[in-house]
Amino acid sequence: MDLNVFDQILYQFETIATGGIPSIRALVIATFWLLATIDACMAFLTNLEDGNHFKILIQKCLKIGFWLFMLNEWGTFCDVVLHGFIQAGSTIGSGARTAIMQHPSQIVLMGISTLDPILEYEKQLCSGWTDVIANLPILLAGILSFLFGCLAYIILGIQIVLTYVEFLLVCALFTLFVPFGVTRWTSFLAEKAIGGVIGYGVKLMVLSCILSII
């Protein structure tokens, strides 16, 4: 089994998602300004009796500015969530290297290396057929421990790959919903986008903590 396939899958999706965010942002920037214009006009029309129009102008400028910043820096926001949450999970554990989270193949190799003493101990019990028969229960237990241990590390690597892929795709696709935060009638879409990114970031944080502990 070529363990580098995990890294290759992760690299492919990361390249696609990173390149997709600017493309999607270019598609929705017109939608953003259209919604911002409608929201500003509605705010002034529904508050004609309010003499303090300067306050409304400042509020709308701040709101539009915030969501424009979020739209332009969406990739940076996702990157901060990704690395920040992974770092937090690693710190909660034993402080292992966070870079290994981006190389799942190394996780599997690390697991095999960690379990290697089991095989070394097994070799000491296999000096001859007599020893093999005498120590058969211990040998079988050791082999099963090694196989299930390797399987556990492979499953952990696959889980990290899948969670990473989900996070990257969510970051790219949810760029569509960020412009809708500029108006209160559709702001729930942008809030769900931010919540979705943070939710998958939490999943990566938990996996980082588990990896750091083991």
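Details of the structure are given in the entry above.
Remember, predicted model here, so these are calculated numbers, not experimental data. (Residues numbered from 1 in each chain as written. Predicted model: local features only at pLDDT ≥ 70, side-chain atom pairs only at ≥ 80, totals over all residues. Heavy atoms only, no water.)

Enquirer: Account for the layout of surface pockets, naming residues and giving values.
Expert: A volume near 260 Å³ is recorded for the largest pocket. T18, I21, G75, C78 and D79 are the residues nearest the centre of the largest pocket, which is lined by 19 residues in total. Among the secondary structure elements, those contributing two or more residues to the lining of the largest pocket are α1 (4-45), α3 (74-92) and α6 (136-173). Among the elements that line the lining of the largest pocket, the one with the most residues is α3, at seven residues. Class assignment for the residues of the lining of the largest pocket results in nine nonpolar, six polar and four charged. (1 Å grid on protein atoms, 1.4 Å probe; cavity = no way out; pocket = protein on both sides within 12 Å on 5 of 7 lines; lining within 4 Å. Points joined across faces, edges and corners; volume = space filled by probe spheres on them. Helix = DSSP H or I, 4+ residues; strand = E, 2+ residues; numbered from the N terminus. Nonpolar A, V, L, I, M, F, W, Y, C, P; charged D, E, K, R; others polar.)

Enquirer: With reference to specific residues and values, describe the nonpolar core.
Expert: A general trend in soluble globular proteins is that nonpolar side chains are found buried together. W67, W74, M101, I160, Y164 and V197 are the most contacted members of the largest nonpolar core, which totals 40 residues. Among the elements that take part in this core, α6 stands out by supplying 11 residues, more than any other. Sequence-distant contacts of W67, that is, excluding residues within four places in its chain, are made with F32, V178, G181, V182, A190 and I194. (Core = buried A, V, L, I, M, F, W, Y, C linked by side-chain atoms within 4.5 Å. Buried < 20%, exposed > 50% of the residue type's maximum accessible area, 1.4 Å probe, protein only. Contact = heavy atoms within 4.5 Å.)

Enquirer: A description of the side chain of T175 should follow, citing residues and the corresponding values.
Expert: Within the fold, T175 resides in the loop between α6 and α7 (187-213). Its relative accessible area of 0% is what places T175 among the buried residues. The contacts of T175, once residues within four sequence positions are left out, are I21, I24, R25, V28, L71 and W74.

Enquirer: Tell me about the packing of α1 against α6, and name the residues and values.
Expert: It is at 8 Å that the axes of α1 and α6 come closest, and there the two elements cross at 10°. On the basis of their axis angle, the class for α1 and α6 is roughly parallel. Facing α1, whose interface residues are F6, I9, L10, F13, E14, A17, I21 and I24, α6 presents I158, V161, Y164, V165, L168, L169, C171, A172 and L173. (Axes fitted to C-alpha atoms, helices over the stretch in contact; angles between N-to-C directions. Parallel < 35°, antiparallel > 145°, perpendicular 65-115°, else oblique.)

Enquirer: Go over the pattern of salt bridges, please, and point to the residues and values.
Expert: A side chain with one charge may pair with a side chain of the opposite charge, provided their charged atoms come close. Enumeration according to the criterion identifies two salt bridges in this entry. For the salt bridge of D39 with K60, the shortest nitrogen-to-oxygen distance reads 2.8 Å. Placement of the pair is D39 in helix α1 and K60 in helix α2 (residues 53-72), with a sequence separation of 21 residues. For the pair D39 and K60, one class covers both residues: buried. K203 is the partner of E166 in a salt bridge, and the nearest nitrogen-oxygen pair spans 3.3 Å. Highlighted residues: E166 in helix α6 and K203 in helix α7, separated in sequence by 37 residues. Take E166: its relative accessible area is 32%, and that puts it in the partly exposed class. Its relative accessible area of 37% is what places K203 among the partly exposed residues. (Salt bridge = Lys/Arg side-chain N within 4 Å of Asp/Glu carboxyl O.)

Enquirer: Lay out the environment of W74 with the relevant residues and their values.
Expert: Note that W74 resides in helix α3. Sequence-wise, W74 and I194 are 120 residues apart; in three dimensions their C-alpha atoms are separated by 9.6 Å. With residues near it in sequence (within four places) discarded, W74 still touches I21, C171, F174, T175, V178, A193, I194 and V197. At a separation of 3.3 Å, a polar atom in the side chain of W74 contacts the side chain of T175. (Polar contact = N/O pair within 3.5 Å; in protein donor to acceptor, adjacent residues only side chain to side chain.)

What is shown is where atoms sit, not what they do.
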